[in-house]
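Architecture and fold: a report
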Amino acid sequence: MAYTNEQIDALVRDDSVHKSVYTDPDLYQLEMERIYGHAWIYVGHDSQVPNAGDFYATRIGDQDVIMVRANDKKVYVLYNRCPHRGAKLVPDGCGNTGKFFRCPYHAWTFKLDGAHLAAPMKSGFEGTCFDPKHPDFSMRQLARVESYRGFVFASQAAQGDDLKSFLGGVITSIDNLCDRSPVGEVEVAGGVFKVWQNSNWKVFYENLHDTMHAQVTHESSVVAARNQAKEMGEMPLELHIMDGNGEPYSFWEKLDLCAYDNGHGYMEGIFNPGAAERDPVTRAHFEVLEQAWGRERALEILGMNRHNTIIYGSGSPHTVFQQFRVIRPVAVDRTMIEIQTFRLKGAPDAVFKRSLMYANVINSPSSNVMADDVEVYKRCQDGNLTHGGDWISLHRYLGTDRVVPGGMISTNGTSELPMRNQFRAWKQYMLATNTEAAHAA
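Within each chain, residue numbers correspond to sequence positions counted from 1 in written order. Two thresholds apply to this predicted model, a pLDDT of at least 70 for residue-level local features and 80 or more for giving and counting side-chain atom pairs, whereas whole-chain, interface and lining totals are computed over all residues. Side-chain metrics in this entry use all non-hydrogen atoms of the structure; hydrogen atoms and water are not considered.

Here's the deal with the overall build of the chain
Only DSSP runs of H or I with at least four residues qualify as helices, and only runs of E with at least two residues qualify as strands; both kinds are numbered from the N terminus onward. In terms of helices and strands, the chain carries 15 helices and 21 strands. A globule of 441 residues ought to have a C-alpha radius of gyration of about 22 Å, and the chain, at 23 Å, matches this closely. Projected onto the principal axes, the alpha-carbon positions of the chain cover approximately 80 × 55 × 40 Å. Only protein chains enter the accessibility calculation, which uses a 1.4 Å probe; a residue whose area is less than 20% of its type maximum is buried, one above 50% is exposed, and one in between is partly exposed. Sorting the 441 residues of the chain into buried and exposed places 53% on the buried side. Sequence separation of at least 24 residues holds for 64% of the intrachain contacts in the chain that already meet a minimum separation of 6. We get accessible surface area from the Shrake-Rupley algorithm with a probe of 1.4 Å; when it comes to residues, only the shown protein chains can shield them. Accessible surface, the chain as shown: approximately 19,400 Å² in total, 50% of it carbon and sulfur. The size measure is the radius of gyration over C-alpha atoms, and the globule rule it meets is 2.2 Å times the number of residues to the 0.38 power. Only heavy atoms matter for contacts: two residues are in contact if any of them lie within 4.5 Å across the pair.

Right under this line is the structure:
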């Protein structure tokens, strides 16, 4: 159905949302146009395309795109489409296309910035409007591309806020991730996990700051971790990570949940991976940071203990364990999660190994923790297809949120402020009266 602004507005209340926002394919398609067709969306990190010709093919909403390093050393983001007959030029994933893109269908070729290079048998175009200099015969670039400290974002809208303004308060999470390197740079390393979730893309965003679910949903992995620690007579970090979900409600209540404009936010860390004075990995990390930045700055960098940051529409960077869970919508009830791990350039190798360990324990297909979440997400999706009710409750601590510049902070760590904030942004995008800018690329 075609939704009016009045109908969309009625789907989101201050304390609840209508279940159709998770289940209606028409709303999903509108999200692809009005959210993913406008917002700044994370494409990838420039370390994934270090050399000319290197590409990383992925998606922004329902659009196939290519991040590529060109001969001028710049990173471009192009739609993955040949303008001749519409074929995808490269398969999903990464590779090197050489000095140019070559269509596998009819061998049209394009420069690495997408400009038309050549087409075979040009005599067949005589007497037509074919013009290799016309944009219609080149690969199309996305309207806007910006990079912040190596993190490449793109927007399909020709106009809008710049990237820094869009990120607002959560830009400090990207800064902290990079500043944990003694040279201030990170790179994607160790491969990328991919996890299918049979649920709407918004469910994962909401769960990232849902502190009420941890000890319930993850009870089995918490019990397993504690039993294993008891047998071992100690609790190594691998088990401590799993055990962290078993903290009592009184623990979660004390955490700050910060919500910013555009649906972004972060939650405080649920555990410290090791103080510098007692953990050898952290101590070695601190020492190289101290040499690079000085003691006070090094303490400040490692002292920022954020668990999950949300960049709405893109995913969730985790600064302490150097990862980015990239959320890619695929269908109204299907989502692909890509887990990228980052190496801190110049940091001890043990720091990166700890990042890989965390990714394996929490995010891998064999994780005892991830399986719990994926199962519950699917149950939410299935439950919202029944006639058991029409509204999703977001009532916890409604009306108690503390307003700060650019956003709000919860008065209780079990508040549903993050979900309300995300739907506030959702409504702002979806109530757009003119989507032409989203297609002006």
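From this point, things continue past the structure.
With respect to the sheet that holds strand β9 (residues 116-118)
Two strands are counted as paired when DSSP detects at least two bridges linking them. Strand order in the open sheet formed by three strands is β7-β8-β9, with antiparallel pairing between adjacent strands. Both edges of this open sheet fall to β7 (101-102) and β9, since each of them pairs with a single strand only. Relative to strand β8 (residues 109-110), β7 runs antiparallel, the two sharing two bridges. The residue of β8 that forms the bridge with Arg102 is Thr109.

With respect to empty space enclosed by the protein
Grid points spaced at 1 Å over the protein atoms alone were grouped into cavities, where a 1.4 Å probe fits but cannot get out, and pockets, open sets with protein on both sides within 12 Å along at least five of seven lines, with lining residues defined by an atom within 4 Å of a point. Grid points are joined across faces, edges and corners, and a volume is the space filled by probe spheres set on the points. Taken as a whole and judged by the stated rule, the model has three cavities of 30 Å³ or more. Looking at the largest cavity, its volume works out to about 320 Å³. Lining the largest cavity are 24 residues, and of these His213, His218, Asn245, His307 and Asn308 sit closest to its centre. Of all elements in the fold, only α6 (201-208), β15 (306-310), α13 (349-362) and α14 (370-383) reach the threshold of two or more residues within the lining of the largest cavity. Split by residue class, the lining of the largest cavity holds 13 nonpolar, eight polar and three charged. The calculated volume of the second largest cavity comes to roughly 40 Å³. Lining the second largest cavity, in full, are His209, Cys258, Ala259, Gly263, His264, Gly265, Ile310, Pro418, Asn421 and Gln422. For this classification, the nonpolar set comprises Ala, Val, Leu, Ile, Met, Phe, Trp, Tyr, Cys and Pro, the charged set comprises Asp, Glu, Lys and Arg, and every other residue, Gly included, is treated as polar.

Regarding the sheet that holds strand β10 (residues 144-148)
Taken in spatial order, the three strands of this open sheet run β2-β11-β10, and their pairing is antiparallel. The sheet terminates laterally at β2 (41-45) and β10, the two strands that pair on one side only. Each strand axis lies, on average, 30° off the axis of its neighbour in the sheet, ignoring direction. Comment: axis = line fitted to C-alpha atoms, over the contacting stretch for helices; angle = value between 0 and 180 degrees taken between N-to-C directions. The sheet strands contacting helix α5 (residues 171-179) are β10 and β11 (151-155), and the helix crosses β11 at an angle near 150°.

Section: the packing of aromatic side chains
Here a pair means two rings of Phe, Tyr or Trp (six-membered ring of Trp) with centres within 6.5 Å. Their orientation is stacked below 30 degrees between planes, edge-to-face above 60, and tilted elsewhere. Tallied over the full model, the rule gives 19 aromatic pairs. Here the aromatic rings of Trp108 and Phe125 are separated by 6.0 Å at their centres, their planes lie at 85°, and the arrangement is edge-to-face. You can see Trp108 sitting in the loop between β7 and β8 and its partner Phe125 sitting in the loop between β9 and β10, a full 17 residues away along the chain. Judged by its relative accessible area of 22%, Phe125 falls in the partly exposed class. Taken together, the ring pairs connect Tyr42, Phe151, Phe153, Phe324 and Phe342 into an aromatic cluster.

Brief notes about the nonpolar core
Soluble globular proteins tend to bury their nonpolar side chains together. What makes a nonpolar core is a set of buried Ala, Val, Leu, Ile, Met, Phe, Trp, Tyr and Cys residues whose side-chain atoms join them at distances within 4.5 Å. Core analysis: the largest hydrophobic core is formed by 76 residues, its most contacted members being Phe151, Phe153, Leu167, Trp201 and Trp426. It is helix α15 (residues 417-430) that contributes the most residues to this core, six residues altogether. The next biggest cluster of nonpolar side chains, apart from the first, holds 19 residues, and it includes Ala57, Leu78, Phe110 and Phe130.

Let's talk about the packing of helix α11 (residues 280-293) against α13
Where α11 meets α13, the closest approach of the two axes is 9 Å, and the angle between their N-to-C directions is 130°. When the axis of α11 is compared with that of α13, the two are oblique. Handedness of the crossing formed by α11 with α13: left-handed. Between α11, through Val281, Thr282 and His285, and α13, the contact on the second element is made entirely by Ala350, Val351 and Arg354. Orientation labels follow simple angle bins: below 35 degrees gives roughly parallel, above 145 gives roughly antiparallel, 65 to 115 gives roughly perpendicular, and whatever is left gives oblique. The hand of a helix crossing depends on one turn: near helix anticlockwise from the far one by less than a right angle means left-handed, and clockwise means right-handed.

What about helix α3 (residues 25-34)?
Every buried residue of α3 is listed here: Leu27, Tyr28, Leu30, Glu31, Met32 and Arg34. Tucked inside the fold, the buried residues of α3 contact α1 (5-9), α2 (20-23), α6, β17 (323-331) and α15.

Thoughts on the pattern of salt bridges
Side-chain pairing between opposite charges can occur once the charged atoms of the two side chains come close. Any carboxyl oxygen of Asp or Glu that lies within 4 Å of a side-chain nitrogen of Lys or Arg is treated as forming a salt bridge with it. Taken as a whole and judged by the stated rule, the model has 20 salt bridges. The shortest N-O distance in the salt bridge between Asp9 and Lys427 comes to 3.1 Å. Of this pair, Asp9 sits in helix α1 while Lys427 sits in helix α15, and the two are 418 residues apart along the sequence. For Asp9, a relative accessible area of 36% gives the class partly exposed. With its nearest N and O atoms 3.6 Å apart, the salt bridge here joins Asp390 to Lys19. In this pair, Asp390 sits in the loop between α14 and β19 (391-393) while Lys19 sits in the loop between β1 (16-18) and α2, placing the two residues 371 residues apart along the sequence.

Quick notes on the environment of Glu375
Within the secondary structure layout, Glu375 lies in helix α14. Given a relative accessible area of 40%, Glu375 falls into the partly exposed group. Counting along the chain gives 178 residues from Glu375 to Gln197, while the straight-line C-alpha distance between them is 8.5 Å.

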